[in-house]
Amino acid sequence: MVSPMNGRAELRDDKVITPFGDLAPRPDIRPEVLLRLSGKLQTTLELSQLLEIFLEEIQQAVLVDGLTFHHEPTGTTLAVGRNSLHTANYRLQTQQDYMGDMTFHRSTRFREHELANIEGLMTTLVYPLRNALRYHEALAAAFRDPLTGAGNRVALDKTLAREVELSKRHDQPLSVLMLDLDHFKQVNDEFGHSMGDKVLKEAVKAITGCIRQTDMCFRYGGEEFLIMLSNADQSGALRIAERVRMGIGQLTFAGAKHLQVTSSIGCATLTAADDTEELVTRADTALYVAKDSGRNRVISDLDIEYARQSDDKAEAQAEPQASAEDTPPQLKN
Ligand SMILES: Nc1nc2c(ncn2[C@@H]2O[C@H](COP(=O)(O)OP(=O)(O)OP(=O)(O)O)[C@@H](O)[C@H]2O)c(=O)[nH]1
């Protein structure tokens, strides 16, 4: 069903136009146009491509500057063409599925017969759009950890490699945080495995609440997460890490009043010499140091580097100096 949000018209997915009054304009589109459009829409499962094809085709029948598609359940918003002052909004729905909201834009007001044509053309979009949404969802699920909704290792490998490359090419900073929940085994042991699962889910919510939309959280292992911070240098990354650590520390759980969760975080920032593996290894080493030095803290790879340098310096200073006593006695002849 294609129904305008303003309630002026209704077009059902069985392609029968529900009369909205005898005087209401009917679509004035030749069947071969609908057939061609329908054929073209079946050539792709890519949402953005589908919308591009649709806009291109309807522009031949109605003057439209652009369209925006929004699908709440998957958080998808896509815009094609130009945004303009006047809009016509539609909700796309079959009897089983809600398929999103579509907004058409243009600089002048839409007239009734134009809306009728848009609605007529939209009937061809319903099923290709549903297929594209299902494809989009299946694709997204393949890259997501089913328990927490964080990205999985497959997604991490793909995304991080791309981000490292982009960061180097555009000379922009990139940091990663390796986060591990502290004493998580005890959470399972004392509060049960399903509470453990709940903690993992809430931890991911807390993490995503502390980072930008362009940043990403991946489940690295059981209770270990990698957070990728695009465009964040070392000081920015440390600030975010501290925020994440605090956010997790403030979590409360109904039915487990005394449960308090803390996390240890290792932070590393990409250097010119790094590849993906080196960056992750440095964050992992920093995490190990955070665990080793008491947990519930953030340690950066540079802290480790400074500590190493000052150890070297101290060692060098402690090396025995050659003194008169050290010089072997000279033999007199
Ligand atoms: N509930 C739940 N537990 C998990 C999941 N994945 C891993 N775990 C548990 O996480 C625990 C991790 O324990 P350890 O590796 O000993 O680490 P820890 O207890 O957090 O100790 P530290 O990391 O040293 O602070 C194990 O008991 C795993 O069974 C999961 O998906 N759900």
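Residues numbered from 1 in each chain as written. Predicted model: local features only at pLDDT ≥ 70, side-chain atom pairs only at ≥ 80, totals over all residues.

Some words on the overall build of the chain
Stage number 1. When helices and strands are counted, the chain shows 10 helices and 10 strands.
Stage number 2. When each of the 333 residues of the chain is scored for burial, the buried share is 32%. (Helix = DSSP H or I, 4+ residues; strand = E, 2+ residues; numbered from the N terminus. Buried ≥ 20, exposed ≤ 12 C-beta atoms within 10 Å, placed from the backbone.)

Considerations on the confidence of the model for the chain
Atomic detail in the predicted coordinates should be set aside for any region of low pLDDT.
Stage number 1. Averaged over all residues, the pLDDT of the chain equals 87, while 88% of them reach at least 70.
Stage number 2. Ignoring residues within four places in sequence, the model shows residues 6–22, a span with pLDDT below 50, making 25 contacts including any to other chains.
Stage number 3. Scored as a whole, the predicted complex attains pTM 0.71, and scored at its interfaces, ipTM 0.96. (pLDDT = per-residue confidence, 0-100. Contact = placed C-beta atoms within 7 Å.)

Considering the environment of R153
Stage number 1. On the secondary structure map, R153 appears in helix α5 (residues 153–169).
Stage number 2. By C-beta crowding, R153 is classed as partly exposed, having 14 other C-beta atoms within 10 Å.
Stage number 3. Distance in space between the C-alpha atoms of R153 and L226 is 9.7 Å, their sequence separation being 73 residues.

Examining the domain arrangement of the chain
Stage number 1. Domain annotation for the chain reports domain 1 (2–140) and domain 2 (143–311).
Stage number 2. When each unit is reduced to the centre of its C-alpha atoms, the spacing between domain 1 and domain 2 is 41 Å. (Domains from an automatic or database assignment.)

Overview of the sheet that holds strand β6 (residues 174–181)
Stage number 1. With mixed pairing, the five strands of this open sheet are ordered in space as β7-β8-β6-β9-β10. The open sheet has two edge strands with one neighbour each: β7 (216–221) and β10 (298–300). Between one strand axis and the next, the sheet turns by 20 degrees as a mean value, whatever way the strands run.
Stage number 2. Examined bridge by bridge, β7 and strand β8 (residues 224–230) share five bridges and lie antiparallel to one another. Looking across to β8, one finds that C217 is bridged to I227.
Stage number 3. Along the sheet face, α5 touches β6, β7 and β8 and points at about 30 degrees away from the line of β8. (Pairing = 2+ DSSP bridges. Axes fitted to C-alpha atoms, helices over the stretch in contact; angles between N-to-C directions.)

Overview of the packing of helix α1 (residues 31–41) against helix α2 (residues 47–58)
Stage number 1. Packing of α1 against α2 leaves a shortest axis separation of 10 Å and a crossing angle of 160 degrees. Classified by the angle between their axes, α1 and α2 sit roughly antiparallel to one another. Relative to α2, α1 is oriented so that their crossing is right-handed. Residue-level inspection shows L37, K40 and L41 of α1 in contact with α2, the latter providing L50, I53, F54 and E57. (Parallel < 35°, antiparallel > 145°, perpendicular 65-115°, else oblique. Left-handed = near helix turned anticlockwise from the far one by under 90°.)

Some remarks on the site of the ligand
Stage number 1. Near the ligand lie 16 residues; those nearest to it are D182, F184, K185, G196 and G222.
Stage number 2. Elements represented by at least two residues in the shell around the ligand include exactly β6, α6 (184–191) and α7 (193–210).
Stage number 3. With four residues, the single largest contributor to the shell around the ligand is α7.
Stage number 4. For the shell around the ligand, the residue count by class is four nonpolar, five polar and seven charged. (Near = placed C-beta within 6 Å. Nonpolar A, V, L, I, M, F, W, Y, C, P; charged D, E, K, R; others polar.)

Looking at the packing of α7 against helix α8 (residues 234–249)
Helix-helix packing is characterised by the crossing angle of the two axes and by the distance between the axes.
Stage number 1. At a closest axis distance of 9 Å, the pairing of α7 and α8 adopts a crossing angle of 145 degrees. Considering the relative orientation of α7 and α8, their crossing is right-handed. Contacts from A203, A206, I207, G209 and C210 of α7 reach α8 at I240, R243, V244, G247 and I248.
Stage number 2. When its residues are assigned to classes, the contact of α7 with α8 shows seven nonpolar, two polar and one charged.

Describing α7
Stage number 1. Here α7 contains 18 residues, and its C-alpha end-to-end distance of 26 Å stays within 8% of the 26 Å for a straight helix at 1.5 Å per residue.
Stage number 2. Among the residues making up α7, those that are buried are K198, V199, L200, A203, V204, A206 and I207.
Stage number 3. Against the buried residues of α7 lie β6, α6, β7, β8 and α8. (Expected span 1.5 Å × (residues − 1).)

Overview of the nonpolar core
As a rule of thumb, nonpolar side chains are buried together in soluble globular proteins.
Stage number 1. Ranked by internal contacts, the top residues of the largest apolar core, which has 47 residues, are V176, L177, I227, I265, C267 and A283.
Stage number 2. Setting aside its immediate chain neighbours within four residues, L177 contacts I227, L229, A237, A241, V244, I265, C267 and A283.
Stage number 3. Counting residues in each nonpolar core, the second largest holds 28 residues, with F54, M99, F104 and I118 among its members. (Core = buried A, V, L, I, M, F, W, Y, C linked by C-beta atoms within 7 Å.)

Re the environment of R212
Stage number 1. By secondary structure assignment, the location of R212 is in the loop between α7 and β7.
Stage number 2. Along the backbone, R212 and A307 are 95 residues apart, and their C-alpha atoms lie at a distance of 31 Å.

A word on the environment of F225
Stage number 1. Here F225 is to be found in strand β8.
Stage number 2. On the neighbour-count criterion, F225 (26 C-beta atoms within 10 Å) is buried.
Stage number 3. Between the C-alpha atom of F225 and that of L174, which follows or precedes it by 51 residues, the distance is 17 Å.

Points about the UniProt feature "domain: GGDEF" (unreviewed entry) in the chain
Stage number 1. Mapped onto the present numbering, the UniProt feature "domain: GGDEF" (unreviewed entry) falls at residues 172–303.
Stage number 2. Along residues 172–303, the helical share is 47% and the strand share 23%, with 22 Å between the first and last C-alpha atoms. (UniProt positions renumbered as here; feature names shortened; annotations may be inferred.)

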